Amino acid sequence: MDDLSVTEETWETIRDKIPDDDLRWGIYFENGCWTFFHDPRNITTIIPLRIAGAPVVVPIYSPPFIHPGTVSPSDPCPKLINPYHEIPDNVVVNLLESFPFALAFYILYNGFCQIWVDEDFDFELAASHLPREFGGLKVTYFTHGPSETSSRSHVQTTVVEGGSHEPNAGRAAAHREISITPTIGCGSEIDVISAILSKSVGRALRSRIGVKILTESDSVEVITMSSHAAFAPRIYKTLARKHLKLGFLSRGWNRLSGRVENEPVQTLDQPQVTADTTERWWESVEIFAAGSDKKIGNIHKTYDENASEDTSYPIGFQHDISLVKPDTDSMRMLSGMKCPAREWYRDAAIDTRSRLYVLGSHQIDGQGLPKYWAEPVGKGIMVNQNTFPTEKRWKEGDIKQLIGRCTLWRPLNASSGWNGWSGAPVIVNKEDGTEELLGFQSFVQDSHHRQFAMPDRRLKMDCANGYISFGACMKLPQEILSSTIL
């Protein structure tokens, strides 16, 4: 149906032409795009990125409102919000004041404003005490937030005399001669090693290298990588206990409901992380070629200095990007790094006629994907609860320090594993055919539908993996956008 063009008047006629019954009766058209509202794993076909030229959004599952018999407050936003445009700072301030308990806002093209809330959120109280619309957007809530896309590496690490750390060469030697220098390209796998992880877990973290750039401020050649893949205290807690329950994150809601605030739940199986360890956490991190003892370099600078092990990722990672300064001996490995996009994507919002892809090899059921296999579906606003203003009102001037913005896109391989992809370049293919670098892979958001009776093996595997509603890359700092892609 690529030759058709859908409108508000023709969408039902076009929907009736969709061959798959479950897809046809689980979809509707509104606000210029399609919304699939059933469990995406109930259908055997792949949900397309577009139907008749319009994007398809798969929102996160949200429990239906419980109607308490009272009238909810009116829309607190005086102007209608266009989800296809950048959300102004003054509107963000209004969002934060209207929903002070929010951990994040997802503004989707289908007209949804989905709000990430703490697990203790009271949905019944929300139905009567909170607005159900904001700026004309439909407000829904969900409790299971996004997941980071770094993962454990198979490489063992050892702590050597002096407190430094190195990968276990025996494992690497089983795959290649150590004397062979691996070739690193944009999006290649890397092993991230830190003193904390070496002592506590004994393994490296697997991630992806980004691109090589020349900084404008000091004219230094550096390589980009994901900050969250290198932040060892936070990663260790995630590995040791996947679902952290942090009571202090619900403090905004506690103020609304009058509840007594809970103390953060302490885990017993975690290392003692002191302020000295986390104050300059990036200084203890080393980067190696994946599965090798060949060191690439150390982190030169991070744009996420305020990351905290006490918050749920991606809160606190405003840009999720750090810069690695290559060692002199690693230049040979990096000589072939060439990014297909030589310019940064600088527009505030992505044109809906553009397509995206994450650099690297991606597959569905063993088959490669088309080159452009992701569709922009909205934007995210991540709230940094570490600096939540408890005694004052939000101010527009505070916004740039207190929130992180990101672009949301839906991948075609929504049931595939995304572990180990953090930091990979996200490329925009514009309508005129040019390619520009949007940012780097940060996190994925599960739709949070759960079923256990599946008709075939592939769908059972999909259920175990989770269905990805969208991936995201954080907005880049201006200093990075001013640099030159090499």
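Throughout what follows, the structure given in this document is the object of discussion. (Residues numbered from 1 in each chain as written. Predicted model: local features only at pLDDT ≥ 70, side-chain atom pairs only at ≥ 80, totals over all residues. Heavy atoms only, no water.)

### Section: the pairing of strand 25 (residues 435-446)
Where burial is concerned, most of strand 25 is hidden: 12 out of the 12 residues are buried. As paired strands, strand 9 (residues 147-148) and strand 25 are joined by 2 bridges and run antiparallel to one another. In the sheet register, Ser 147 faces strand 25, and the bridge partner there is Val 444. Direction of pairing for strand 24 (residues 425-429) relative to strand 25: antiparallel, over a ladder of 5 bridges. Looking at the pairing, Val 428 lines up with Glu 436 of strand 25. Between the antiparallel neighbours strand 24 and strand 25 lie 5 residues, among them Gly 433 with a positive phi of about 95°. Bridge count for strand 25 against strand 26 (residues 468-474) is 5 bridges, and the pairing is antiparallel. Counterpart to Asp 446 in the pairing with strand 26 is Ile 468. (Buried < 20%, exposed > 50% of the residue type's maximum accessible area, 1.4 Å probe, protein only. Helix = DSSP H or I, 4+ residues; strand = E, 2+ residues; numbered from the N terminus. Pairing = 2+ DSSP bridges.)

### A word on empty space enclosed by the protein
Under the defined criterion, the tally for this structure stands at 3 cavities of 30 Å³ or more. If you add up the space inside the largest cavity, you get close to 70 Å³. Contributing to the lining of the largest cavity are 13 residues, with Gly 316, Gln 318, Asn 384, Ile 403 and Gly 404 lying nearest its centre. Elements with a minimum of two residues in the lining of the largest cavity: strand 22 (374-383), helix 11 (399-402) and strand 23 (403-411). (1 Å grid on protein atoms, 1.4 Å probe; cavity = no way out; pocket = protein on both sides within 12 Å on 5 of 7 lines; lining within 4 Å. Points joined across faces, edges and corners; volume = space filled by probe spheres on them.)

### Brief notes about the nonpolar core
In globular proteins that are soluble, nonpolar side chains generally tend to be buried together. Within the largest apolar cluster, 101 residues are counted, with the highest numbers of intra-cluster contacts made by Trp 34, Tyr 106, Met 225, Trp 344 and Trp 409. Counting 27 residues, the second-largest nonpolar core is a separate cluster that includes Leu 96, Ala 102, Val 139 and Ile 399. (Core = buried A, V, L, I, M, F, W, Y, C linked by side-chain atoms within 4.5 Å.)

### Notes on the pairing of strand 15 (residues 221-225)
In the case of a regular strand, side chains alternate between the two sheet surfaces. Counting buried positions over the 5 residues of strand 15 gives 4, a clear majority of the element. Here strand 14 (residues 212-214) runs beside strand 15; their pairing, made up of 3 bridges, is antiparallel. Bridging across to strand 15, Leu 214 finds its partner in Glu 221. Taken together, strand 14 and the strand that follows it, strand 15, pair antiparallel across an intervening segment of 6 residues, in which Ser 219 is found at a positive phi of about 55°. Bridge analysis of strand 15 against strand 18 (residues 322-326) gives 3 bridges, and the strand direction is antiparallel. Across the sheet, the residue bridging to Thr 224 is Leu 323, located in strand 18.

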